[in-house]
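Overview (structure and organization)
Okay, here's what each chain looks like letter by letter:
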Amino acid sequence: MLKLYTWKTPNGFKVPILLEELGIEYELIPIDISKGEQKTPEYLVLNLNSKIPTLVDEDAQGGPLTIFESGAILEYLAEKSGKFLPKDAREKYEVMEWLMFQMAGVGPMLGQLAHFVRFAPEKIPYAIDRYTNEAKRLFAVLDVKLAKGDYLANEYSIADMATWPWIRAAKTMDIIDFGEYPNVSRWFDEMDSRPAVKAAIKKTEAVCV
Ligand SMILES: N[C@@H](CCC(=O)N[C@@H](CS)C(=O)NCC(=O)O)C(=O)O
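The model shown is predicted, which means the values in this text are computed figures rather than measured ones. (Residues numbered from 1 in each chain as written. Predicted model: local features only at pLDDT ≥ 70, side-chain atom pairs only at ≥ 80, totals over all residues. Heavy atoms only, no water.)

**Thoughts on the side chain of lysine 92**
Structurally, the position occupied by lysine 92 is in helix α4 (residues 89–119). Not counting chain neighbours up to four residues away, the residues in contact with lysine 92 comprise Glu79, Leu85, Pro86 and Lys87. (Helix = DSSP H or I, 4+ residues; strand = E, 2+ residues; numbered from the N terminus. Contact = heavy atoms within 4.5 Å.)

What follows is the structure in structure tokens.
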């Protein structure tokens, strides 16, 4: 059995999307980060960084395997299943490039932008400008890439699954003008209509209440 400790946030939706695309059984265990459940001693044993998500693969070779960091979990499950991460080195590292782009750029920068625009107790123009400019730059990079093909890499992959929940969050929070990025918008809508993506959001939100 695969156990996924998660919450209804962009990083929390990525792995359910992959698991739904793979059509394999999994158990979702909610970790309510608004109540600090990610900081309990029990959870820290699984994830020293006290963030969601964390995967426990109880049937891994050699005994139960615990993995944190969503990118590492996606890579593990894609390699284990042989899907959504090509074996050919050129194709594989195109996927990894865009996965890392999400992990190091899109996620952290949109997270900071959302914080300073929506949640910070005071409006700090320097911070809002800094993260708006960087988010717009990253969206422009995605838009150029998505003008060249349907997906971030050659085929639909874990890079799309990692990036989409963050683009969804930017849309929901209305912190980016999507009109400026037609290729991102087309890709976003295409992913939004995938049954596995819909199921992942629905199941995660149903458990994380
Ligand atoms: N790089 C990490 C980021 C994980 C992350 O920031 N998770 C957030 C939710 S989206 C969290 O657990 N926040 C709780 C906290 O910061 O205390 C990953 O991709 O797994």
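**Focus: the domain arrangement of the protein**
The parts lose accessible area when they come together, and the size of an interface is often stated as this lost area. Segmentation of the protein into domains returns domain 1 (2–84 + 196–207) and domain 2 (89–194). Domain 1 and domain 2 are separated by 21 Å when their C-alpha centres are compared. Across the contact, 20 residues belong to domain 1 and 20 residues belong to domain 2. Surface buried jointly by domain 1 and domain 2 totals about 1,600 Å² across both partners, of which 66% is contributed by carbon and sulfur atoms. Across the domain 1-domain 2 interface, the total number found is 3 salt bridges. On inspection of domain 1 and its partner domain 2, the count reaches 10 residue pairs in polar contact (both at pLDDT 80 or more). Of all the elements in the fold, those that place two or more residues in the side of domain 1 that touches domain 2 are α1 (10–22), α3 (70–81) and α8 (195–207). Here the side of domain 1 that touches domain 2 takes 7 residues from α1, the largest share from any one element. Partitioning the side of domain 1 that touches domain 2 into residue classes produces 10 nonpolar, 3 polar and 7 charged. (Domains from an automatic or database assignment. Buried area = accessible area lost by both parts, 1.4 Å probe. Salt bridge = Lys/Arg side-chain N within 4 Å of Asp/Glu carboxyl O. Polar contact = N/O pair within 3.5 Å; in protein donor to acceptor, adjacent residues only side chain to side chain. Nonpolar A, V, L, I, M, F, W, Y, C, P; charged D, E, K, R; others polar.)

**Re the site of the ligand**
All residues in the neighbourhood of the ligand are listed as Thr9, Asn11, Lys14, Ile33, Gln38, Lys51, Ile52, Pro53, Glu69, Ser70 and Met103. The side chain of glutamate 69 places a nitrogen or oxygen atom 2.7 Å from a nitrogen atom of the ligand. A total of 510 Å² of accessible area belongs to the ligand in isolation, and the protein chains cover 78% of it. Here the residues of the shell around the ligand are counted per class, giving 4 nonpolar, 4 polar and 3 charged. (Near = heavy atom within 4 Å. Areas by Shrake-Rupley, 256 points an atom, 1.4 Å probe, with all protein chains shown as cover.)

**With respect to the pattern of salt bridges**
Tallied over the full model, the rule gives 9 salt bridges. Residue lysine 35 pairs with aspartate 32 through a salt bridge whose shortest N-O separation is 3.7 Å. Owing to a relative accessible area of 6%, aspartate 32 belongs among the buried residues under this scheme. Of the charged contacts, one joins glutamate 205 and arginine 168 as a salt bridge, the two residues approaching to 3.7 Å between their closest N and O atoms. Taken together, the residues glutamate 205 in helix α8 and arginine 168 in helix α6 (residues 158–173) connect sequence positions 37 residues apart. (Buried < 20%, exposed > 50% of the residue type's maximum accessible area, 1.4 Å probe, protein only.)

**What about the side chain of glutamine 102?**
Examined against the element boundaries, glutamine 102 turns out to sit in helix α4. There is a polar contact of 2.9 Å between the side chain of glutamine 102 and the side chain of lysine 14. Contacts of glutamine 102, omitting those with residues within four sequence positions, involve Lys14, Gly107, Pro108, Ala162, Thr163 and Trp166.

**Examining the packing of aromatic side chains**
For the coordinates displayed, the defined rule picks out 9 aromatic pairs. Taking the centre distance of 5.5 Å and the plane angle of 85° together, the rings of phenylalanine 139 and phenylalanine 178 count as edge-to-face. Residue phenylalanine 139 is found in helix α5 (residues 125–147), and its partner phenylalanine 178 is found in the loop between α6 and α7 (182–192); the two are separated by 39 residues along the sequence. Judged by its relative accessible area of 1%, phenylalanine 139 is buried. Residue classification places phenylalanine 178 among the buried positions, given a relative accessible area of 9%. Connected via pairs of aromatic rings, a cluster forms that spans Phe139, Trp164, Phe178, Tyr181 and Phe188. Positioned over the ring face of phenylalanine 178 is lysine 171, at 4.2 Å from the centre of the ring. One Lys or Arg, arginine 194, reaches over the ring of tyrosine 156 and ends 3.7 Å from the middle of that ring. (Phe/Tyr/Trp six-rings, centres within 6.5 Å; stacked < 30°, edge-to-face > 60°. Lys NZ or Arg CZ within 6 Å of the ring centre and 35° of its normal.)

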